[in-house]
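Below are the chains, spelled out letter by letter.
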Amino acid sequence: MGIYQGMRIPFLSRQPQVAMVRLAGVIAARGGPGTGPALNIEHIGPVLDRAFALKRLAAVVLAINSPGGSPVQSALIGARIRKLAIEKKVPVIACVEDAAASGGYWLACAADEIVADGASIVGSIGVISSSFGLQEVLERFGVERRLTTAGGQKSFMDPFRPVEPEQQARLEELLAAIHVEFKDWVRTRRGAKLTTPEEALFNGRFWTGREALPLGLVDRLGHADTEIRRRFGEKVKVVRFGGRKPSLPLRLLGGAAAMAEERAAWGRIGL
């Protein structure tokens, strides 16, 4: 027995563990060939399950770097995080890198606390829809588009037809309804911490992390690694999940449309 005295046997280690889950990129139902798997429940759900299943789990840290995207995927991921946190009875801490904007902030609100860098972009609690009007392009090149529908609204907001006032009004209703869902989620998760009237916070504006702190949108300024060690000590074991990048050939040959869409999402917050 004496031969083992003073030796550290890895599988008998009792040190606490922290799971760090990377939630990076545009939130979308599917990804492009050059951008890798999209940030959605299909890909991140199993990652979250593995992270929360760690033994001696002290906390789960969400390393968030997202300009937003699909509100439904944001809601599904956020709900999965809360479900697992309640089941496992562990705290969840969101640490914002470049941005937690729009759907990215939706994800951050799934945590019990939000930590951000002073220069992080935070907020953008709003909903956006964008498209193009291409009907004049067809006319210029003498192209006739033939569209047949059963149901008067099946060609809703068709980019090859002039905007119809009724459809524009309906689109605004849909965006407003989704905005209500977003606001309700933020109220549920952050309501007691918010220090500014809702009309100033829920209008789509975003702030730096330092500006967001007195507004109650974040709890502290800091970074993931230093936050983990501040809370759990230098000996804590950090187990990292997610964050795989596509291979170089896929990045080089990636779909231009998917890459352009991702660039546009970041561009909306100036990054």
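Just so it is clear, the model here is predicted, and its values are computed rather than measured. Counting of residues starts from 1 at the beginning of each chain's written sequence and follows it residue by residue. pLDDT decides what is reported in this predicted model: residues at 70 or higher carry local features, side-chain atom pairs at 80 or more are listed and counted, and totals for whole chains, interfaces and linings draw on all residues regardless. With hydrogens and water excluded, all non-hydrogen atoms of the structure serve as input to the side-chain values.

A.B. asks: What is the right way to read helix α1 (residues 41-52) from this model?
C.D. replies: Residues lying three or four places apart along an α-helix face the same way, a consequence of the helix completing one turn every 3.6 residues. With twelve residues, α1 should cover 16 Å at 1.5 Å per step; its first-to-last C-alpha distance of 15 Å lies within 8% of that length. The classification of residues rests on relative accessible area computed with a 1.4 Å probe and restricted to protein chains. Under 20% of the type maximum is buried, over 50% is exposed, and intermediate values are partly exposed. The secondary structure listing takes helices from DSSP runs of H or I that are at least 4 residues long and strands from runs of E that are at least 2 residues long, numbered from the N terminus. Within the span of α1, buried status applies to Ile-44, Gly-45, Val-47, Leu-48, Ala-51 and Phe-52. In this analysis, two residues are considered to be in contact whenever any of their non-hydrogen atoms come within 4.5 Å of each other. Tucked into the core, α1 has its buried residues touching β1 (17-24), β2 (57-66), α2 (71-88), β3 (92-101) and β8 (237-241). A helix is expected to span 1.5 Å multiplied by its residue count minus one.

A.B. asks: Explanation requested: the confidence of the model for the chain in the structure shown.
C.D. replies: In low-pLDDT regions, the fine details of the predicted coordinates are not to be read closely. Values of pLDDT, which run from 0 to 100, indicate the predictor's confidence residue by residue. For the chain, the average pLDDT comes to 84, and 76% of its residues sit at 70 or higher. Across the chain, the element-wise mean pLDDT spans from 43 in helix α9 (residues 248-252) up to 98 in strand β4 (residues 113-116). Predicted confidence is poor over residues 1-7, with pLDDT under 50, and the contacts of this stretch with residues over four places away or in other chains come to one contact. When the criterion is pLDDT under 50, residues 246-254 qualifies, and its contacts beyond four places in sequence or with other chains add up to twelve contacts.

A.B. asks: Quick question: what am I supposed to make of α2 here?
C.D. replies: Counted at 1.5 Å a residue, the expected span for α2 with its 18 residues is 26 Å, and the 26 Å between its end C-alpha atoms agrees. What α2 keeps buried is the set Gln-73, Ser-74, Ile-77, Gly-78, Ile-81, Arg-82, Leu-84 and Ala-85. In an axial view of α2, the angular spread of the buried residues amounts to 165 degrees, which keeps them on one side of the axis. Within α2, the exposed residues directed more than 90 degrees away from the buried face are Val-72 and Ile-86. Its buried side turned inward, α2 meets β1, α1, β2, β3, α3 (103-108) and α5 (165-190). Sitting at the amino-terminal end of α2 is Ser-70, which places a side-chain oxygen 3.3 Å from the backbone nitrogen of Val-72. Looking one or two residues beyond α2, the residue adopting positive phi is Lys-89, at roughly 55 degrees. Read the arc as the range of directions from the helix axis to the C-beta atoms. Any pair of N or O atoms that falls within 3.5 Å is considered a polar contact. Within protein, one atom must be able to donate a hydrogen and the other to accept it, and sequence-neighbouring residues count only if both atoms are side-chain atoms.

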